Structure formats: structure tokens, C-alpha cells
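Listed here are the chains, written in short residue letters.
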Amino acid sequence: MSKALVISTNSGLFCPQGNFYIDPWRAVDYALITHAHSDHARSGSKAYLTSKSGQHVLRARLDPGAVVESVPYGKQITINDVTVSFHPAGHVLGSSQIRIEHKGEIWVISGDYKTQPDPTCQPFESIKCQTFITESTFGLPIYRWPSAQEIEQEINTWWQKNRDEDRASVIFAYSFGKAQRIMSIVDKSIGPIFVHGAVHKLNEQYTASGVTLPEAKYVGELEKKADFKGALIVAPPAAFESAWTKRFGDYSSAYASGWMRVRGNRRRQSIDRGFALSDHADWNGLLQVINATGADEVIVTHGFSQPLIRYLKETGKKARGFKTEYKGEESELAVANEKLAEARDQDIEADSISLETGEAEIINESEK
Amino acid sequence: MKDFASLFADLDGTTKTNEKVSALKRYFGKVSKSEAAWAVYFLTGRRIKQLVKSGQLARWAVDEAQIPDWLFDDCYDMVGDLGETIALILPSTDAHAEGSLDYWIEEKVHKLRGASELTQKAIVLEAWNNSSDLERFLFNKLLTGAFRVGVSQQLIVKALAEFSGIEARIISQRLMGDWNPTPEFFEKLIDTDGGSADLSRPYPFYLAFPLTENETLLLGPAPNWFAEWKWDGIRAQLIKRNNEITIWSRGEELLTDRFPEIVEEAAGLKDGVVLDGEILPFKEGDVLPFQMLQKRIGRKNLSKKILDEIPVVFMAYDILEEDSKDLRDEPLRVRRERLDHVLSTRDKVESQQEFMQLQLFAPCMTQLSPALRVSPTMQAHSWEEMKTIRDTASAMKVEGLMLKHRESKYGTGRQKGFWWKWKVDPFTIDTVMVAAQPGHGKRAGLFTDYTFAVWQGNELVPIAKAYSGLTDEEIKRVDAFVRENTTGRYGPLRTVKPTQVFELAFDGLQASTRHKSGIALRFPRILRWRFDKPVAEIDSVDSVSKLIPQTHYPNGF
């Protein structure tokens, strides 16, 4: 077996030949960032490299003064003898798969990705490689997303019905990515759109990055007695059942998340509607992407890793896991479910531990 | 099944009662009586006899989805509902289930009965392949069990009442007991000229709310209240109409055949009477443990031996109908007088006064047991005095007191205000958590069902399973603990390091063959998570069994 291009360490995924980390969860010298979600992009590292379209959002999320360089999608650069390029992952604005090539060996680190269309970011691009490092946030066959059109229609019908009944529609969605995606897929002719402060901040970054979003008023800038009847309000899940929602009077609530595919997840929080709208690949999406890479080996980083690994092995692929601190689709719910996934991952920990205790310790020494 | 699926989506798509009611009204106005009857049938929690084994359905679904069995199990663990898991893993279609709900039941579900496995599979696959995800889910639920859609019986009643313009309590009664979901039934259900209720139907039961110690202060003067013993038996209505006797449990199960001695005794009642009371195992003037009743209920054949060993009585505490007249709007004090009158004037007269005295002061006295009795009422000058009465509950082998306002009407369902149950303080023990299992439905994917153990020598032995009592926040923390401290896996069950101590409350003890400790707790629930207590100091089998005097255990304990 040729030498691994990426290993799992205490600080994150590391490329020894290139001496850089990918999405590290501890401060390092040089970090390549797949996308700016907080579990993948953490402050404190000395220098960052990300895709050009992701640079604004990344800067906004790191400490001010962080050193961030960017490279356009597809452009190959060389880092310590390793050829590196960023390719669209279709997850959120600027999200990338990172392709690493060294002495004919090609590895791709997917970060988080989805195959469904999303008007706010470039579509997923399939890349051939020998080893594919994938997420598995929704790595169970129960997670199968309705088509983009179906979801669009579901959300529009819900909003329209509420408008016809003089009610506001409050949709909770992750403020970076999901919120903007919802804003861009809904039928703007139904009514006005308002956003929570957290979403508003991200919208500004999106606009700065050249993404056109529909007009949306920031709730915080409105007068107290604003009329929300018939409006769509986009807010982060943290605002659910907070005092902030009181101002909307009679409203119907909805939660947009892949976890909503399962009824119990919605019923646990007394939310009216759940839309299975996810920025991650569903089960079929994961399998299609993995097959399309033509990879000999698959390494799973987070989510329902164990079922995916076992399934891949049973279908004749080489597969193993890396223990990481990535969270996948974030929400209170997700965290609960993630835990189940993590617990399952304990079985595959052995794989990554051997690596961690080997080379990883030496690497940590050299960092200091 | 489109209309039913869309009703389901509407009910499931809101947490607001009013919207659910209007969705139901729209639906009843739209569909045929045949469909409406079936919808009411399922939404009120009734089910059709399971015609296909769950395992069979799972196997066919696994074949269709082309996934390995273990992956199906993993999915099921996350979803916690078989019908839903199957609906979610089947390959997607663009199809919609054509035909009405009644068509689906009659043409598909009923055709499964007695069919060969091959035919059954063909019917089920055909149904799956020709319906949407949601319709598949509903079809699976029709096949496997009752719907739980966050729609209560009372909500259905409200919708039907508003839809038909008939009083809710009449609708409610028409929905009681056994009925077939036919168009004729639905027609009668919403018929304004229906007159008085169906002859065999019980009235909806009026249920009491639990009362806590301090709340007695809010009830006003104690003399306004009747107290009764809170019997530990089966709540039931005894009906005599058209000279026919029926006994209904609160679960709306027809129990007439199970209790011949009560039926025999009730023959002496005048006609047109409905009594509310408790069926108790009762021998030689003494109440037997509830477990004995369970033992008797479990028997298919009521042999003479079991009738002798575990005789029962109907302990009446209310009268809902006399001379075929609905008495539920009369105040309780009047109903109580009528009850005494009706029972004391029945054939085989027995002096109520004498019985009450026996019951109150000499519970162990041997006497022949007439199977129809009046539960005595007690009154007190003050709440302190009332509490003194309540504290004798253990000696009386009852769970505590029922407090009923003298002027209370007989209501419907569980309402706050006029009927309260005031239990004696529960027993409490300290235990350690040894295993956990994920919950179902709303609690799927979270470890919410726990097994607790106590010491027996140097060994920890399981004594109870408990589900309730923790806050959502605590459940999350326990969930995290379980995941981080798993020591073994047996299917969905995980054993955990025995380090977390929980105080459990329970109402009584029973012998158990299921638990290694040999004891089972009655109504165990979690009182609190005790971080302060080391595992070494939790209770032992010995200390637990000493909590309750031996007389409470069934024979052989």
C-alpha cells in the first residue's frame, strides 16, 4: 500500500507530505478549509487557505486579522511538493472538496457535500481519486430526500396557506447556508420575507460574495408593531420557542432539516411542520458520489459512519473510519442523533487510534 | 387513500387544536360515510386484527429496498416505529394511492385474511409500489397497529360534535364500546334524531386528577367533599338495560363474561341502571392484591378453582342512570343517595350501614361476600382530619383517597376541579442504573428506558424498569452518559457502568419471576438523579422488601 496522504491526528486531518491540515479542530500552522461551518473552520491557526468563493464567509467567521488566502475552484497549486486543488462540494457557499495529489496518488477530502441543486452555491463536482474521505451525516437508507421541486412546493404551499389564513410563517433553518437556500427557492410572490439577525449577518456575506438573494428585511430593524401576517420569517433553530418569536403573534412554525425525514424528531419538539431539506447527501447520494469517484478505499469521517463503512465493505469496497470532531447538520436534534452515530463509531475507533498514537504525536511535537 | 393521507398530513402538520378540529370537519364533510366510519375507527385508537406478522413485513421491505438485515435494524433503532421505518426505506415512487380509505381496507387489507404468504406478499407489495411515502406509512400503520397522531379522543368528539351539531357527550357515548365501522354506524353517530344512546353503550368515564399535599388548601372547606377509598382494581361500568347485564372496563373492553359472580348479583338490580365502580379481588371481607386480579383476568377458562381462589366484587361508587334516565347532571350527593337506594332495594337485600361498618373497622373480618357493594363515603371536618383518614390507606390496602365534591356532576374524561385522587406518599428507594434502551415514537433515538438494580449480597440485581420522571434536559444527560459508559450491547439494550444512582418512587411490591431480585415494583418512576449518593449505599433486596408489611404480598411470596 502506498503511503497515506491524509492521516487522522489529535488536531485534525493531516497531510504529512504537504505539512498542512484540513479542517483542523485545534490551532495549527497551516489549515486548508473545506467550508466555513464552525465545526470545520476554527479560529487560532496561523494561516488558512480556502476556495475563492468561500473567502468572505470564512473571514467573517474567524478572528479578525486571521490570515486567509484563497484559490479559485479547479486551480492547482503546489504545497511542499503536493498538488492541491479545491472543487465545489455543493454544501454551502464556498464549500469545497479538497483534492491532493502526490507521486501519482490522489486523495479527495469531501468535507460536507450534497448532490441536490442549490441556487446559492456551485453544484457538486465529481472527482476521480484512489482514496475518498467522505462524511456520512445521513448515512442510513431512511434518509432519502424528496426532490428539490417537491420540497420547494411543500414549503410554498405551507407559506401560502398560512398567508391565506392571515398567519405568519416562521421557518427555522441553519443560518449559514440553509437559510439562504430557503430564501432563494421560495416563491417570493407569496409575501414579504424577514430574517433573524444571525441570518441577516450571513446574508450580507453572501451578497459580498456575489450571490443574489431576494429582498429580506432584518426583523431587528423593524418597529415593534410591525405586521408579520402573511410573511415568511427565516430564523436559526436557536430562536425556536424563544421570546424573540412572540412578536409574530399567531404563526405556524417549521423546521428545515434532514432530520425532519423522521417523524419522531419533529414531534419531540412541538413544531408544526418539518421539511426534509438538507445540505448533506442522503444515503443514495453518498453511495452515488462514492461510486463515481472510482476510489479503491473510502474513509468515513462523521455521521452514521459505522453503517456506511460496513455497507461499503459488504459490497466489496475497502472502507474504514477516521474519528473527527465534525458535527454534520447542526441543531439540537442533530446533536442528539450525532451522539448515537458517535457511539456507533466507537467500534471503528481502533483504526484511527493506531494512527494517532503513531505519527501524530511526533507531528504535535514539531508544531511546538 | 388520498383524502385520508391529506387529513393525516393536516393533523400532523399543526400543533394547534383548532386547526386539527377544522381539518377533521373538512374531512368529514368531504368523504363518504364508509370512509368516515373507518377514519373515526382508526383515529380513536381502534385497530384491526393484525393479519401479517411484523417480521414478515420487515422482511419484504428489506427485499424490496435491497439492503442487509442489520442495516434495517439500525434504521429501526433510529426511527422507533416499524411502519415508518418500512415507508422510509422502500424505493421512492411517484405513485399515489388511488381509491378511498374504505376501499383500501376492504379490497386490500381484508383480502390478507387467510391468504397464503405469497398472496399476502403480492397484496402488500402492490400497495407499497402504488403509494407515496406518507400513504405507505399509513397503510403500514393500518396493518400493524393504532395511529397515534396527536389527536385525542376528545378532539375527535369535538370535531364530530361541531360537524353534526350534536352534543359532545352524546357523540362521546355513541363512540364507546364495541362498534363496527360501517356507513350505518357513522350515520347513526351523527344522527340528530338518534334519541337516547345505544342500549349496550357505557358512558364516558369521568376521571380524577392527581392532587398534591399542599393543594388541599385550594379545595375550600373539607366538609364540601366526600372521600372514598381509592381502590386498586379495574374501573368499570355495570349496565343493566332491557334486563341484560354488561360490564365495560375503562379501556372499553367488554368484561361481562369474566365476572359471572357480579353478573349473577346484578340480576337483582332493577332495570335501566348504570353503575360506576371498581372490580376488586375480594375474599372473606378482605381486598386481595391487584396482582391476583391480573392472574384471574389472564385465565382463558374460569375454573371453579380460580373462582373460589380469587372471587371478585363490584365496589360501586356512582350511579349514572336510573330508570333509564341519565343522572350525570345531578350533584354527587343526590347520585350517592340514589346509589344507596338502588342497591339496598335490589333483591337479596343487605344492610348498607352494617356493611360500611364492617368495611371500615373490621376489614379482615370473615363474612360471605356479596359481589355487589357500595364503596363507603367518608367526611371530615378539616383537611387535617382528612389526611388522618388518608394515612390509614395502607392498612386498608388501598392507594389513598378519592376526593369528590358533593355537588359535582359526572363529567367526561380527565378534568380538573371536582374529582381528585389523593394517593398516600409513595415508597422510595435508591437504585443504580445498569442498562438502558432507546425509546420509541417521540423518544426514538434517545436512551430513555432504563433498568435499575439494588444490592443482593455483593451482586447488583435488576429490580425495576422506569421510563418517566426525568426532565428533557436530564434525559439528554443520561443519554450522553449511556453512550459514553456502555459496557455491553444486547440488541438495542446497552448495559452501562453501574455508577449513576437514582431515587425511585413506587406504590407497592409484587413477587416477580421476571426480575432477578424476585420483586417487582408497582408503578416505578424516577424521583431524582442522586449525584450525592455512592453506589455502595443504595438499597438492597432485603431493605426493599422490608418497606411493606408481608401481608401485602400475594401467596407464596
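Residues numbered from 1 in each chain as written. Chains lettered and ligands numbered in written order. Predicted model: local features only at pLDDT ≥ 70, side-chain atom pairs only at ≥ 80, totals over all residues.

Trainee: I keep staring at the overall build of chain B and nothing clicks. Help me out?
Mentor: From N to C terminus, chain B includes 21 helices and 22 strands. Compactness check: chain B gives a C-alpha radius of gyration of 26 Å against a globular reference of 24 Å for 557 residues, within 12% of the reference. Taken over the C-alpha atoms alone, chain B extends approximately 75 × 70 × 50 Å along its principal axes. Evaluated residue by residue, chain B yields a buried proportion of 39% over its 557 residues. Partitioning the contacts of chain B with sequence separation of at least 6, the portion at a separation of at least 24 is 72%. (Helix = DSSP H or I, 4+ residues; strand = E, 2+ residues; numbered from the N terminus. Rg over C-alpha atoms; globule rule 2.2 N^0.38 Å. Buried ≥ 20, exposed ≤ 12 C-beta atoms within 10 Å, placed from the backbone. Contact = placed C-beta atoms within 7 Å.)

Trainee: What's the story with the overall build of chain A in this structure? I'm lost.
Mentor: In terms of regular secondary structure, chain A is built from nine helices and 19 strands. When burial is assessed residue by residue, chain A has 53% of its 368 residues classed as buried. Across chain A, every contact between residues at least 6 apart in sequence was considered, and the portion connecting residues at least 24 apart equals 61%.

Trainee: Where do I start with the interface of chain A and chain B in this structure?
Mentor: Put simply, an interface is often sized by how much accessible area is lost when its parts join up. If you look at the interface, chain A gives 23 residues, while chain B gives 27 residues. Put simply, the parts of the chain that give the side of chain A that touches chain B at least two residues each are α5 (263–268), α7 (305–314) and α8 (332–345) of chain A. Sort the elements by how many residues they give to the side of chain A that touches chain B and α8 of chain A lands first, with six residues. Taken together, the residues of the side of chain A that touches chain B break down into nine nonpolar, four polar and ten charged. (Nonpolar A, V, L, I, M, F, W, Y, C, P; charged D, E, K, R; others polar.)

Trainee: Help me understand helix α10 (residues 153–164) of chain B, please; the structure alone is not making it clear to me.
Mentor: Each α-helix turn comprises 3.6 residues. Residues three or four places apart therefore point the same way. Residues and elements named next belong to chain B. The terminal C-alpha atoms of α10, which comprises twelve residues, lie 16 Å apart, in line with the 16 Å expected from a rise of 1.5 Å per residue. Listed in full, the buried residues belonging to α10 are Ile156, Val157, Lys158, Ala159 and Leu160. On its buried face, α10 sits against α2 (17–30), α3 (33–43), α11 (168–174) and α12 (183–189). (Expected span 1.5 Å × (residues − 1).)

Trainee: Would you explain the sheet that holds strand β12 (residues 168–172) of chain A in this entry?
Mentor: In a beta sheet, neighbouring strands are held together by backbone hydrogen bonds and run either parallel or antiparallel to one another. All names here are of chain A. Read from one edge of the open sheet, six strands run β14-β13-β15-β12-β16-β17, paired in parallel fashion. At either margin of the open sheet sits one strand with a lone partner, and together these are β14 (217–218) and β17 (273–275). Bridging between strand β13 (residues 193–195) and strand β15 (residues 232–235) involves three bridges; their strand directions are parallel. Considered in β15, the bridge of Ile193 is made with Leu232. Across the face of the sheet, helix α4 (residues 197–208) comes into contact with β13, β14 and β15 while running at roughly 100 degrees to β13. (Pairing = 2+ DSSP bridges. Axes fitted to C-alpha atoms, helices over the stretch in contact; angles between N-to-C directions.)

Trainee: Honestly, unusual backbone geometry in this entry has me stumped. Any pointers?
Mentor: In this structure, Asp23 of chain A is a non-glycine residue whose phi angle is positive, near 45 degrees. Looking at where Asp23 of chain A falls in the secondary structure, it is placed in the loop between β3 (20–22) and β4 (30–32). The residue Phe523 of chain B is not glycine, and still its phi comes out positive at about 50 degrees. Within the fold, Phe523 of chain B resides in the loop between β21 (519–522) and β22 (525–530). Classification of Phe523 of chain B as partly exposed rests on a count of 14 C-beta atoms within 10 Å.

Trainee: In this structure, what is going on with the domain arrangement of chain B? I would like to understand it.
Mentor: Considered domain by domain, chain B is made up of domain 1 (2–144), domain 2 (206–423) and domain 3 (427–552). Computed from C-alpha coordinates alone, the two centres of domain 2 of chain B and domain 3 of chain B are separated by 34 Å. (Domains from an automatic or database assignment.)

Trainee: What am I meant to see in helix α6 (residues 82–89) of chain B here?
Mentor: With eight of its eight residues buried, α6 of chain B lies for the most part within the structure. What α6 of chain B keeps buried is the set Leu82, Gly83, Glu84, Thr85, Ile86, Ala87, Leu88 and Ile89 of chain B. Those residues of α6 of chain B that are buried are in contact with α5 of chain A together with α4 (54–65), α5 (69–79) and α9 (133–144) of chain B.

Trainee: What is the right way to look at the packing of α6 of chain B against α9 of chain B in this model?
Mentor: In a packed pair of helices, the relevant descriptors are the angle between the two axes and the axis-to-axis distance. Residues and elements named next belong to chain B. Interhelical geometry of α6 versus α9 gives an angle of 145 degrees and a closest axis separation of 8 Å. Read as a crossing pair, α6 and α9 show a hand that is right-handed. In this structure, α6 uses Leu82, Gly83, Glu84, Ile86 and Ala87 to contact α9, whose residues at the interface are Asp133, Arg136, Phe137, Asn140, Lys141 and Thr144. Taken together, the residues that form the contact of α6 with α9 break down as four nonpolar, three polar and four charged. (Left-handed = near helix turned anticlockwise from the far one by under 90°.)

Trainee: Would you mind showing me how to read the packing of α4 of chain B against helix α8 (residues 117–129) of chain B here?
Mentor: Residues and elements named next belong to chain B. At a minimum axis separation of 11 Å, α4 and α8 run at an interaxial angle of 55 degrees. As the angle between them shows, α4 and α8 are arranged oblique. Note on packing geometry: the crossing formed by α4 with α8 is right-handed. Of the residues in α8, those touching α4 at Leu57, Trp60 and Glu64 are Lys121, Val124, Leu125 and Trp128. Partitioning the contact of α4 with α8 into residue classes produces five nonpolar, no polar and two charged. (Parallel < 35°, antiparallel > 145°, perpendicular 65-115°, else oblique.)

Trainee: Before we go on, may I ask you to explain the pairing of strand β16 (residues 251–256) of chain A in this structure?
Mentor: When a strand is regular, its side chains alternate between the sheet's two faces. All names here are of chain A. Of all six residues that make up β16, five are buried, and the element is covered over most of its length. Alignment of β12 against β16, held across five bridges, turns out to be parallel. Bridge pairing links Ser169 to Ser252 in β16. As paired strands, β16 and β17 are joined by three bridges and run parallel to one another. Residue pairing for β17: Ala254 is matched across the bridge by Arg273. Taken together, β16, α5 and β17 form a β-α-β motif whose crossover is right-handed. (Right-handed = clockwise from strand over helix to strand, strands pointing away.)

Trainee: Help me understand the confidence of the model for chain B, please; the structure alone is not making it clear to me.
Mentor: Residue and element names in this part refer to chain B. Here chain B averages 86 in pLDDT, and 92% of its residues register 70 or above. pLDDT under 50 marks residues 550–557. Its contacts with residues more than four places away, or in other chains, come to eleven contacts. Across the predicted assembly, pTM comes out at 0.73 and ipTM at 0.86. (pLDDT = per-residue confidence, 0-100.)

Trainee: Even after reading the chapter, I still don't get the nonpolar core, so can you show me in this structure?
Mentor: One recurring pattern in soluble globular proteins is that nonpolar side chains are buried together. In terms of nonpolar packing, the biggest core is built from 160 residues, with Val6, Ile182, Ile233 and Val234 of chain A together with Ala39 of chain B touching the most fellow members. If you tally residues by element for this core, the top one is α3 of chain B, at eight residues. Filtering out sequence-adjacent residues up to four positions away, Ile233 of chain A remains in contact with Ala168, Ser169, Val170, Phe194, Val219, Phe228 and Phe248 of chain A. Membership of the second largest hydrophobic core comes to 55 residues, among which are Leu238, Val273, Ile279 and Leu320 of chain B. (Core = buried A, V, L, I, M, F, W, Y, C linked by C-beta atoms within 7 Å.)

Trainee: Would you explain the domain arrangement of chain A in this entry?
Mentor: Residue and element names in this part refer to chain A. Domain assignment breaks chain A into domain 1 (7–143 + 279–367) and domain 2 (148–275). Taken together, the 25 residues of domain 1 in the interface contact 21 residues of domain 2. For the side of domain 1 that touches domain 2, the secondary structure elements donating two or more residues are α1 (55–61) and α8. By residue number, the principal contributor to the side of domain 1 that touches domain 2 is α8, which donates four residues. Of the residues belonging to the side of domain 1 that touches domain 2, the class tally is twelve nonpolar, eight polar and five charged.

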